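One letter stands for each residue in the lines below.
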Amino acid sequence: MRHTADFCINNVNIATMSASPTFANVPYGIKENASVYISAGRIEKIDDAKDVSSQGSNVIDAQGQWLLPGLIDCHTHLVYAGNRSSEFEMRQQGKSYAEIAKQGGGIQSTVSATRKASYEHLLHLAKDRAARLIEEGVTTIEVKSGYGLDLETELRMLQVAKDLEASLSINIEPTYLGAHCVPKEFRESPDAYVRFVCEQVLPEIVKQGLATSVDVFCETIGFTPAQCETVFIAAKRLGLNVKAHVEQLSDLKGAKLAAKYHALSVDHIEYLQPEDIPALISSNTVAVLLPGAFYSLRETKLPPIAALRAHNVPMAIATDLNPGSSPIASILTIMNMGCVLFGMTPEEALLGVTRHAAQALGLNNKGQIVSGFDADMVLWDIEHPCEVSYGINQVRPSRIWVSGKER
């Protein structure tokens with residue numbers, strides 16, 4: 001019987017990263033010596049490698065290379081103007097991230113630069129940053145706003161994020177992060193700013209279809225749990241998913257609050273207490289680990305990896321690419337950091353940028369090489385999938401497909 005697939009990748013080893021019972025006890029969901037059939041942008045079938053030259057498909061001989069799901073960077077602040085290299089120097093001279101923020105630096109300095117930037121300039125900068133991720137095999141990028149903090153700039157940032165998808169032929173998941181920082185014009189009335197976010201910006205974002213999720217920064221230098229809950233209520237009322245930066249610098253119980261509203265993910269979580277982890281399980285919330293910020297800020301408080309692992313909480317990992325606390329545009333470096341700094345295994349790191357990262361974005365058709373899933377796939381000339389996390393700047397994909405189309 002002849003296959004009707006658009007093309008076939010033959011003679012390939014696959015790290016399916018599958019959640020199916022078939023691969024329950026198979027590390028990486030490995031299937032060796034296989035053929036993968038692609039049709040209409042989706043994975044049609046996975047079979048044993050065979051002579052497919054007469055089966056009517058366009059056949060690609062992978063020559064024993066490894067096929068992995070397209071990598072997913074599920075937490076970035078990709079769209080912004082300016083940089084904060086001077087603050088990097090200040091931190092190296094002994095000032096803390098919180099001290100710099102209180103002096104008008106930090107997020108506020110990026111807000112000033114981003115408000116002044118045109119759509120064209122922001123798009124140009126974002127495309128350059130995204131290109132660094134794509135060359136390492138990233139096929140899906142979550143992009144947060146949050147460096148405008150007014151209606152006009154937030155809409156402009158989210159429009160840039162959406163337009164990246166067409167211009168780069170990758171998947172973009174836009175997130176509105178209005179509750180990132182209290183802007184200077186609302187400095188004396190943060191509750192009024194929260195009302196502005198909920199009553200003016202959120203409805204307009206929904207009207208224009210510019211975001212799929214809403215995020216908050218629940219922290220002593222960000223927003224209180226009560227303020228974040230107000231944003232969650234408004235987001236849910238408008239049919240948006242919620243996410244949260246929580247427990248990065250202190251324990252405000254933001255993770256428990258986010259779980260109450262069935263957050264897709266809670267991110268950073270260095271100060272998450274083990275007794276709060278069951279709340280994540282009941283809400284099916286993913287723990288997103290961000291070792292780039294941990295590294296850049298020279299933090300010492302590790303997230304509760306062992307407890308998360310013991311409770312089988314899915315752990316994703318992401319670059320947190322941003323100008324201040326994680327100016328790192330390399331998902332592969334972040335995977336290595338996750339292993340070296342946080343004690344993750346290479347398999348956990350790869351799950352963290354595939355299956356679990358897809359779950360953190362609410363994407364049920366990505367992150368695994370399984371029949372029916374989107375054909376976001378990356379071919380690597382490596383000997384084993386652990387190599388992707390093992391070294392720094394040593395491997396790159398040999399071929400990349402997004403929805404079955406080669407980049």
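Residues numbered from 1 in each chain as written. Predicted model: local features only at pLDDT ≥ 70, side-chain atom pairs only at ≥ 80, totals over all residues. Heavy atoms only, no water.

> Which residues make up the nonpolar core, and what values do they have?
Within the largest apolar cluster, 106 residues are counted, with the highest numbers of intra-cluster contacts made by Y176, L308 and W380. The element that contributes the greatest number of residues to this core is helix α6 (residues 190-208), accounting for 8 residues. Inspection of this core shows a minimum of three residues originating in each of domain 1 (7-69 + 369-406) and domain 2 (71-361). Excluding residues within four positions of it along the chain, W380 makes contact with Q65, W66, L68, L71, E136, L332, V388, V395, R396, P397 and S398. Counting 17 residues, the second largest nonpolar core, distinct from the first, contains A34, I369, F373 and W401. (Core = buried A, V, L, I, M, F, W, Y, C linked by side-chain atoms within 4.5 Å. Buried < 20%, exposed > 50% of the residue type's maximum accessible area, 1.4 Å probe, protein only. Helix = DSSP H or I, 4+ residues; strand = E, 2+ residues; numbered from the N terminus. Domains from an automatic or database assignment. Contact = heavy atoms within 4.5 Å.)

> Give a detailed account of the sheet that holds strand β12 (residues 286-289), specifying residues and quantitative values.
Taken in spatial order, the 8 strands of this open sheet run β6-β7-β8-β9-β10-β11-β12-β13, and their pairing is parallel. Both outer strands of the open sheet, β6 (71-73) and β13 (315-317), are each paired with one neighbouring strand and no more. Neighbour-to-neighbour, the strand axes of the sheet open up by a mean angle of 25 degrees, direction not taken into account. Sheet topology places strand β11 (residues 265-268) next to β12; 3 bridges connect them, and they run parallel. The residue bridging V266 from the neighbouring strand is A287, located in β12. In this fold helix α5 (residues 151-168) packs onto β7 (138-144) and β8 (171-179), with an angle of close to 170 degrees to the strand it touches most, β8. Its contacts with the sheet place helix α7 (residues 225-237) against β8, β9 (213-218) and β10 (241-246), and it is angled at close to 175 degrees to β9. (Pairing = 2+ DSSP bridges. Axes fitted to C-alpha atoms, helices over the stretch in contact; angles between N-to-C directions.)

> A description of the domain arrangement of the chain should follow, citing residues and the corresponding values.
Domains assigned within the chain are domain 1 (7-69 + 369-406) and domain 2 (71-361). In this assembly, 25 residues from domain 1 lie in contact with 22 residues from domain 2. Interface area for domain 1 against domain 2, summed over the two sides, is near 1800 Å², with a carbon-plus-sulfur share of 63%. Linking domain 1 with domain 2 are 1 salt bridge. For R396, the salt bridge is made with E136, and the minimal N-O distance between the two is 3.7 Å. At the surface where domain 1 touches domain 2, the tally comes to 7 residue pairs in polar contact (both at pLDDT 80 or more). If you list the elements that add at least two residues to the side of domain 1 that touches domain 2, you get β5 (66-69), β14 (377-380), α15 (387-390) and β15 (397-402). Looking at which element gives the most residues to the side of domain 1 that touches domain 2, the answer is β15, with 4 residues. (Buried area = accessible area lost by both parts, 1.4 Å probe. Salt bridge = Lys/Arg side-chain N within 4 Å of Asp/Glu carboxyl O. Polar contact = N/O pair within 3.5 Å; in protein donor to acceptor, adjacent residues only side chain to side chain.)

> Can you explain the UniProt feature "binding site: Zn(2+)" (unreviewed entry) in the chain? Please cite residues and give values.
Under the UniProt annotation, the feature "binding site: Zn(2+)" (unreviewed entry) is placed at H75, H77, H245 and D320. Spatially, the listed residues are clustered: although they cover 246 residues, their C-alpha atoms lie within 12.3 Å of one another. Along the polypeptide, H75 turns up in the loop between β6 and α1 (85-92). What makes H75 buried here is its relative accessible area of 0%. The contacts of H75, once residues within four sequence positions are left out, are E142, K144, H245, D267, V288, L290, A318, T319, D320 and L321. Looking at H75, its side chain comes within polar contact range of the side chain of H77, at 3.2 Å. By secondary structure assignment, the location of H77 is in the loop between β6 and α1. (UniProt positions renumbered as here; feature names shortened; annotations may be inferred.)

> With reference to specific residues and values, describe the confidence of the model for the chain.
Model confidence for the chain is summarised by a mean pLDDT of 95, while 98% of its residues fall at 70 or above. The secondary-structure element of the chain with the lowest mean pLDDT is helix α2 (residues 97-102), recorded at 78, while β6 shows the highest, at 99. (pLDDT = per-residue confidence, 0-100.)

> Tell me what's going on with the packing of helix α4 (residues 119-134) against α5, and back it up with residues and numbers.
Where α4 contacts α5, the axes come no closer than 9 Å and their chain directions differ by 50 degrees. Viewed along their axes, α4 and α5 adopt a mutual orientation that is oblique. Relative to α5, the crossing made by α4 is right-handed. Of the residues in α5, those in contact with Y119, L122, L123, A126, K127, A130 and I134 of α4 are R156, Q159, V160, D163, L164, S167 and L168. Its residues placed into classes, the contact of α4 with α5 shows 9 nonpolar, 2 polar and 3 charged. (Parallel < 35°, antiparallel > 145°, perpendicular 65-115°, else oblique. Left-handed = near helix turned anticlockwise from the far one by under 90°. Nonpolar A, V, L, I, M, F, W, Y, C, P; charged D, E, K, R; others polar.)

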